[in-house]
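The primary structure of each chain is shown beneath.
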Amino acid sequence: MNKVWIIIRQEFLNRVQKRTFLIATILVPLIFPAIIGGMFYLMMEEEKASGPSSVFVLDESGKIQLKSNEQIQFTALTGTLEEAKQVYKASESEGLLYVPDFKEENPEGFQLYTEKNLGIEKTGELRNLLSEQIRDIKLRSLQIDPAVLESSKKKVELEVIKILEDGEEERSNNGILNAVGMVMGILIYMMVFLYGAQIMHGVIEEKSSKVIEVLVSTVRPFQLMLGKIIGIASVGLLQFLIWIVLIVSLSSMVTDYFGVASVKPAQIQTMAPGASALADAGENGLKNEDAVKLIQDFENLPVVSLTVVFLFYFLGGYLMYGALFAAVGSSVDSVQEAQQFQFPVTVPLFIGYLGLFTFILRDPHSSISFWLSIIPFTSPVAMVGRVAFGVPAWELGLSMLLLVGGFLGMTWVAGRIYRVGILMTGTKVNWRTLYKWATMKL
Amino acid sequence: MIALHTDRITKRYAEHLALDEVSLDVQQGTICGLLGPNGAGKTTLIRIINQIIQPDSGRIELFGEPLRPQHVALIGYLPEERGLYKKLRVGEQLLYIAQLRGMSKKDAMQKIRYWFERLDLKDWWGKRIEDLSKGMAQKIQFISTILHEPRFLILDEPFSGFDPLNAKLITDIILDLKKSGVTILFSTHRMETVESLCDDVVLINRAQKILDGTRFQIQDQFRTHTAEIEHRQPLTMQPAGRYELLESTPIEGGKIRSRVRILDGSHQNELLRTLIDQTEVVSFREQIPSMGDIFIQLVNGSSNQPKR
């Protein structure tokens, strides 16, 4: 065991003392939000800069009254469709909407002519506006008062309240659960890949630089593999720890900021009962109330148990795939050669990743979501995506147990391939040789 | 005392037999040359002694004890395929391997300092391996092999990559180690180093040990009973049947160099006596077979009968 410890320490210190580690650890939590923020900013700017698209409308029915808004500027045309097309082509306009003389019971034949695609958002907006118009026309034909119509268009806030097992109730915000699940799932997916690749490169380096011969004359290959995997895992954990500290301190700063802001309107309300001030405060207060709610929702998240589950699945997933990466690294002579195995090895994890978006975040309690979060190959990504929504204890327990079994089994198989592979150079490796190595006695 | 004893070691890979009941003894404090053509099974044997792989059958004893994992602290191994971590610094590298061999960090530091002093490498601690020349890296690897003061040293082609100056340096260290009681198993293809360094020799061919013994014994065993004589007057070897004149060539100074083989097993003195009657003998020397000759002869599968 002592030797495994020496290897762990070596692998850990060797990586942590590098400048790249420090840079990556500090920059990653800053870079990702910066990229996302930057993209949002660019998107907003783009929208602002491009302004509303102008669209010609040829309404043969005479029933449609499209109001220009900040997205689309409508210009009415008359004449035949052919004439309208000529006008459209000669203009800078981005589209020509053709409304035929449609029947209210069966509105058909609407067409949008464009030279370049208008984009999914604006096309959708156009579709919505048309549907609204047709609904209004229909309702009007039923003699309903426009005022009633207007008042019927109310947005409903749906508060989701989870009844806990002990009977307590807790407001839960599906948006946040979604975001938390997604972020954790993606993080695990990326981290398993990142650190797994580090293991693989480390093994290939030892093999190609021939250090391996001396190493395995001092330690058993399995110890060497284990030491490397655990050493790199501790680098990952340290990195996570730093990230968590950074994120917690950053978000508590944000909380403080909003916490202070949310007190102000109340004070203003009592202190300055002036009409304008009241209206002002009311508006501000509402906004701040939303923010406070959001923060409360965040604070309602079981942070500790989420962190524990996250770390467990990160470790479990990492150990399982890490062993596979080590086996792949040991069986090839170069990084290029490793690529043919790298992909198939990670396909199950990729399935979990896809499942996260297609099943788990949409319906965390469907049977596919269940299986994805139970099977150890996909559970590291799938379960962390699910766990924020609340998972029965037995499912979590079963999934964790299977993951532990999974990585133990995987490490065993990988260890058998590894101990043969690291001493074999210049062998053409395919799946059959891997199987042979795994079953070979040495 | 016997440092290493292997008893009928057999190792079979899927298609071929790598070692076939190889038994050998290495005496403590000697240098034993492990010879054999490529693919004979030398590397397999070395790996088995290093416990990198397990034999299918057979026993190994190191200093009288059955080989076990703790013995790695007693063994130093310089593989033929040299390798160090390219990105690591010289000092870290040496410390790491030494600790894996069971040394404490403090002891390792002390030893590293000693060897740096002795080999004049004082400024090398912080250099990365990738920045060193091949010869320098080889030196580091050699230090790494002996740093933990192994009692049993396995050197596989230790001189490859060294210039004559450094080779001399390494030779001196090896001889020093031997003097201090270290046993060395020495695998090489360079027969001249076998002749200058090895006390004993083991020859392996096609998975089997085909020869072992001290170098003197073996050279004696492969005597060709041939003498090389320089003389003035031409030789007429009479009576025929007793001696065979293999060749006679004139050389500078009006001398002739001849090689004569004794056919009837009589002593060299007899031959000399016969020669003195016929010619003025300038020099007389028995031709001792080189290890290279013996190697080629055995590996080619020819009979033990000398060809010449």
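In this text, all values refer to a predicted model and were calculated from it rather than measured experimentally. Residue indices begin from 1 for each chain and proceed along its sequence in written order. Ligands are numbered from 1 and chains lettered from A, in the order in which they are written. Reporting in this predicted model follows two pLDDT cut-offs: at least 70 for local features of residues, and 80 or more for side-chain atom pairs to be given and counted; totals over whole chains, interfaces and linings ignore these cut-offs and use all residues. Just so you know, side-chain values use all the structure's heavy atoms and leave hydrogens and water out.

Q: Could you clarify how one ought to interpret the overall build of chain B in this entry?
A: The secondary structure content of chain B amounts to nine helices and 14 strands. For every residue, the accessible area obtained with a 1.4 Å probe (protein chains only) is divided by the maximum for its type, and the residue is called buried under 20%, exposed over 50%, and partly exposed between those limits. Expressed as a percentage of the 308 residues in chain B, the buried residues total 51%. Contact between two residues is taken to exist if any of their heavy atoms lie within 4.5 Å; hydrogens are not considered. Partitioning the contacts of chain B with sequence separation of at least 6, the portion at a separation of at least 24 is 68%. Accessible surface computed for chain B: about 14800 Å², of which carbon and sulfur atoms make up 48%. Note on conventions: DSSP H or I runs of at least 4 residues are helices, E runs of at least 2 residues are strands, and numbering of each starts at the N terminus. For every accessible area listed, the method is Shrake-Rupley and the probe measures 1.4 Å; residues are considered covered only by the protein chains on display.

Q: Teacher, can you tell me more about the sheet that holds strand 7 (residues 152-156) of chain B here?
A: Adjacent strands of a sheet pair through backbone hydrogen bonds, lying either parallel or antiparallel. All names here are of chain B. Between any two strands, pairing holds if DSSP finds at least two bridges. As summarised here, the arrangement of the six strands in space is 6-7-8-3-9-10, forming an open sheet in which the pairing is mixed. In this open sheet, the two edge strands, each paired with only one partner strand, are strand 6 (75-78) and strand 10 (208-214). Adjacent strand axes in the sheet meet at a mean angle of 15° when their direction is disregarded. Bridge count for strand 6 against strand 7 is four bridges, and the pairing is parallel. Bridge pairing in strand 7 places Gly-76 opposite Leu-153. Angles run from 0 to 180 degrees between N-to-C directions of axes, and those axes are lines fitted to C-alpha atoms, restricted for helices to the stretch in contact.

Q: Help me understand the nonpolar core in this model?
A: In summary, soluble globular proteins display a tendency toward joint burial of nonpolar side chains. Residues grouped as a nonpolar core are buried Ala, Val, Leu, Ile, Met, Phe, Trp, Tyr and Cys residues, joined through side-chain atoms within 4.5 Å. Counting 109 residues, the largest nonpolar core has Tyr-313 and Tyr-318 of chain A together with Phe-152 of chain B as the members making the most contacts within it. Residues in contact with Tyr-313 of chain A, not counting those within four places in the same chain, are Ile-188, Tyr-318, Ser-379, Pro-380, Met-383, Val-384, Leu-396, Ser-399, Met-400 and Leu-403 of chain A. Of all hydrophobic cores here, the second largest spans 50 residues; its members include Trp-115, Ala-137, Ala-167 and Leu-177 of chain B.

Q: Whenever I open this one, the interface of chain A and chain B confuses me. Can you help?
A: Frequently, the measure chosen for interface size is the accessible area removed from exposure when the parts meet. Taken together, the contact pairs 21 residues of chain A with 24 residues of chain B. Computed with a 1.4 Å rolling probe, the buried area is the accessible surface lost when two parts are put together, summed over both parts. Taking both partners together, chain A and chain B bury about 2400 Å²; carbon and sulfur atoms supply 58% of that area. Criterion for a salt bridge: a side-chain nitrogen of Lys or Arg within 4 Å of a carboxyl oxygen of Asp or Glu. Along the contact surface separating chain A from chain B lie two salt bridges. For the salt bridge of Glu-81 of chain B with Lys-210 of chain A, the shortest nitrogen-to-oxygen distance reads 3.8 Å. Pairs of N or O atoms are called polar contacts if they sit within 3.5 Å, as long as, within protein, a hydrogen donor faces a hydrogen acceptor (for residues adjacent in sequence, only side-chain-to-side-chain pairs). In this structure, the connection of chain A to chain B is made through six residue pairs in polar contact (both at pLDDT 80 or more). Elements supplying a minimum of two residues to the side of chain A that touches chain B: helix 1 (2-16), helix 6 (174-208) and helix 7 (211-216) of chain A.

Q: In this structure, what is going on with a nonpolar patch on the surface? I would like to understand it.
A: All names here are of chain A. Like charges are joined within 9 Å and nonpolar side chains (Val, Leu, Ile, Met, Phe, Trp, Tyr) within 5 Å, but only among residues with over 30% relative accessible area and no salt bridge; these make up the patches. A contiguous nonpolar surface patch, about 930 Å² in accessible area, is contributed by Leu-22, Ile-23, Ile-26, Leu-27, Leu-30, Ile-31, Ile-35, Met-39, Leu-250 and Met-253. Breaking the nonpolar patch down by element, the ones donating at least two residues are helix 2 (19-50) and helix 8 (221-271). The element best represented in the nonpolar patch is helix 2, accounting for eight residues. Here Met-39 lies in helix 2.

Q: Whenever I open this one, helix 5 (residues 164-179) of chain B confuses me. Can you help?
A: Two residues of an α-helix separated by three or four positions point the same way, owing to the 3.6 residues in each turn. All names here are of chain B. Over its 16 residues, helix 5 runs 22 Å from end to end, which matches the ideal 22 Å to within 8%, given 1.5 Å per residue. Listed as buried for helix 5 are Asn-166, Ala-167, Ile-170, Thr-171, Ile-173, Ile-174 and Leu-177. Axial view of helix 5: buried residues confined to an arc of 165°, hence all on one face. Turned more than 90 degrees away from the buried face of helix 5 sit Pro-164, Leu-165 and Lys-179, all of them exposed. As for helix 5, its buried residues are in contact with strand 3 (31-35), helix 3 (105-118), helix 4 (134-146), strand 7, strand 8 (183-187) and helix 6 (191-197). Immediately downstream of helix 5, the backbone of Gly-181 shows phi near 100°, a positive value. To estimate the expected span of a helix, subtract one from its residue number and multiply by 1.5 Å. Regarding the arc, it is the one traced by the directions from the helix axis to the C-beta atoms.

Q: Would you mind going over the pairing of strand 10 of chain B with me for this structure?
A: Looking along a regular strand, one sees the side chains alternate between the two faces of the sheet. Residue and element names in this part refer to chain B. Note: strand 9 (residues 200-205) against strand 10, six bridges, orientation antiparallel. Each residue of the ladder has a partner; that of Asn-205, found in strand 10, is Gln-208. Between the end of strand 9 and the start of strand 10, which pair antiparallel, lie two residues, with Arg-206 showing a positive phi angle near 45°.

Q: When you look at the packing of helix 12 (residues 367-374) of chain A against helix 13 (residues 379-387) of chain A in this model, what are you seeing that I'm missing?
A: When two helices pack together, their arrangement is given by the angle between the helix axes and the distance between those axes. Residue and element names in this part refer to chain A. Interaxial distance between helix 12 and helix 13 falls to 6 Å at its minimum, and their mutual angle equals 125°. Relative to helix 13, the element helix 12 is oriented oblique. Once helix 12 is placed against helix 13, the crossing between them reads as left-handed. When helix 12 is examined against helix 13, the residues Ser-369, Phe-370, Leu-372, Ser-373 and Ile-374 are found in contact with a partner set consisting of Ser-379, Ala-382, Met-383 and Arg-386. Only Asp, Glu, Lys and Arg are considered charged in this grouping, and only Ala, Val, Leu, Ile, Met, Phe, Trp, Tyr, Cys and Pro are considered nonpolar; every other residue, Gly among them, is considered polar. Taken together, the residues of the contact of helix 12 with helix 13 break down into five nonpolar, three polar and one charged. For classification purposes, angles smaller than 35 degrees are called roughly parallel, those larger than 145 roughly antiparallel, those between 65 and 115 roughly perpendicular, and all remaining angles oblique. Less than a right angle of anticlockwise turn of the near helix away from the far helix marks a crossing as left-handed, whereas a clockwise turn marks it as right-handed.

Q: Explain the pattern of salt bridges to me, please; I cannot follow it from the model alone.
A: All names here are of chain B. Applying the stated criterion across every chain yields a total of 29 salt bridges over all chains. Glu-130 serves as the salt-bridge partner of Lys-87, at 3.5 Å between the closest nitrogen and oxygen. Within this pair, whereas Lys-87 is found in the loop between strand 6 and helix 2 (90-100), its partner Glu-130 is found in the loop between helix 3 and helix 4, the two being separated by 43 residues in sequence. Its relative accessible area of 49% is what places Lys-87 among the partly exposed residues. Residue Arg-261 pairs with Glu-244 through a salt bridge whose shortest N-O separation is 3.8 Å. One end of the pair, Arg-261, is in strand 13 (residues 255-262); the other, Glu-244, is in strand 12 (residues 243-251), and 17 residues separate them in sequence. By relative accessible area, which is 13% here, Arg-261 ends up buried.

Q: I'm lost on unusual backbone geometry in this one. Help?
A: Note: most peptide bonds trans; most residues except glycine with negative phi. Residue and element names in this part refer to chain B. Despite not being glycine, Glu-21 shows a phi value in the positive range, around 50°. Looking at the secondary structure, you find Glu-21 in strand 2 (residues 17-27). Its identity is not glycine, yet Ala-207 carries a phi of approximately 70°, on the positive side. Summarising the element assignment, Ala-207 is placed in the loop between strand 9 and strand 10.

Q: What is the right way to read the confidence of the model for chain A from this model?
A: Keep in mind that low pLDDT regions are not for reading the predicted coordinates in detail. All names here are of chain A. Confidence scores labelled pLDDT are given residue by residue by the predictor and lie between 0 and 100. Predicted confidence across chain A gives a mean pLDDT of 79, with 84% of residues reaching 70 or more. The spread of mean pLDDT over the elements of chain A runs between helix 9 (residues 275-300), the lowest at 55, and helix 1, the highest at 91. Confidence drops under a pLDDT of 50 for residues 261-286, and excluding neighbours within four residues, the segment shows eleven contacts in the predicted structure.

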